[in-house]
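# Secondary and tertiary structure notes
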Amino acid sequence: MGKNTTLQVGLIGTGAIGRTHIERINNTLQGAKVIAVSDAFAEAGKKVAAQYGCQFFEKGEDLIHDNNIDAIVVTTADPYHAQYVKEAIKVGKYVFCEKPLAPEPSVCKEIIDLEMAGGKKLVQVGFMRRYDYGYQQLKKYISERTYGEPLMLHCAHRNPTVDESYDTPMAVENSMIHEIDVLRWLLGEDYATAEVRFPKKTRHAHEKLQDPQIMYLTTKSGVRIDVEAFVCCGYGYDIKCEVCCEDGIISLPEPSNAMIRTNASRVYPICKDWSDRFVQAYNTEFQEWINACKAGRVDGPTAWDGYAGQVTAAAASKARDTQSIVTIDLPETPDFYKK
Ligand code: ISE
């Protein structure tokens, strides 16, 4: 398709995250329009279709095959991502898949094999933190070794609260998966081991949730990382990343907010949730995806990155369940996926 024509997007899964992506593609960004949607819950999907003047497809597969659709966005529940990503690969269309690519590493591997067999990169995974301007500053300093070799990273992933459906495994699989991806990208290397330990449990966590948790990762070159997940922290959505290098400590910038003097205090408001904290990252991620589709490329996190994330998360989950250190067995990145 030409650079100046509008990319016609079909979106599968019209839940909360799907709707925010339709909104940003149609009303904030440039060069694309969501013209069709599909949802397993037809009632809900039809409402969204009517709201945005889109065509509704009962079956995601039919949307993917429709000749008017240039590219696909998959925002269904996690276990259904893979079937639509595979279908998009089969018809040779670009597909943006929210994280995770698939919950099981073996299914991510099937996607990779299919994509490689087709001979063209088509898949991008929704690891939006790579597009956050703060993380991009860290990436520049680390890649250029401005402050020497990175040695240790101290990170935190704090949510104010989570609902009853969020259980102990989700701290790794749903939350710290973002650190797993973004730190691998920042450091430009794969992980060697994972470990997850449980500090004393907060009284604010429900029965099925062990909170907080600390995940320890080591990279192949020996960098040590600790990530605190504290998803019932109460006070706000707060993401921290401190990179200790040989000649300096680099910290992820705090989102800039006006300082307020009130109640005999000076306060800087903190974001309430992730959609608010990473709105710029989501917008940049999608604008770059649109531009890349039009240029006939995949620039962002690939299916291999999705696979690497799930292999690491599976190792961390095993480490959590066995309370031991687990070795991470990730093959070398194939040339097909090297940038
Ligand atoms: C949620 O699913 C996300 O993807 C957010 O980015 C993350 O910060 C949050 O902890 C998850 O539950």
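A brief structural summary. On a predicted model such as this, the values are computed, not experimentally measured, just so you know.

### Digging into helix H7 (residues 170-187)
An ideal rise of 1.5 Å per residue puts 26 Å on 18 residues; H7 measures up with 24 Å between its terminal C-alpha atoms. At Met176, H7 shows its largest kink, close to 60°. In terms of burial, H7 is a largely internal element, 15 of the 18 residues being buried. Once H7 ends, the next one or two residues include Gly188, with phi positive near 70°.

### Considering the pattern of salt bridges
If you walk through the whole model with that rule in mind, you get 20 salt bridges. Residues Glu110 and Lys86 are paired through a salt bridge, measuring 2.5 Å at the closest nitrogen-oxygen approach. With a gap of 24 residues between them, Glu110 in helix H5 (residues 105-118) and Lys86 in helix H4 (residues 81-91) connect regions that are remote in the sequence. Between Arg184 and Asp305 there is a salt bridge, with its nearest N and O atoms 2.9 Å apart. Highlighted residues: Arg184 in helix H7 and Asp305 in helix H10 (residues 303-322), separated in sequence by 121 residues.

### Looking at the nonpolar core
For soluble globular proteins, nonpolar side chains are generally found buried alongside one another. If you look at the biggest cluster of nonpolar residues, it comprises 103 residues, and the most contacted ones within it are Tyr135, Leu183, Cys241 and Trp289. The leading source of residues in this core is H7, at ten residues. When residues no more than four places from it in sequence are discounted, the contact partners of Leu183 are Leu153, Cys155, Tyr191, Ile225, Val227 and Cys241.

Rules used in this analysis
- Residues numbered from 1 in each chain as written.
- Predicted model: local features only at pLDDT ≥ 70, side-chain atom pairs only at ≥ 80, totals over all residues.
- Heavy atoms only, no water.
- Helix = DSSP H or I, 4+ residues; strand = E, 2+ residues; numbered from the N terminus.
- Expected span 1.5 Å × (residues − 1).
- Bend = angle between axes of the 7 residues up to and from the residue.
- Buried < 20%, exposed > 50% of the residue type's maximum accessible area, 1.4 Å probe, protein only.
- Salt bridge = Lys/Arg side-chain N within 4 Å of Asp/Glu carboxyl O.
- Core = buried A, V, L, I, M, F, W, Y, C linked by side-chain atoms within 4.5 Å.
- Contact = heavy atoms within 4.5 Å.

Scope: geometric values only; no functional claims are made or implied.
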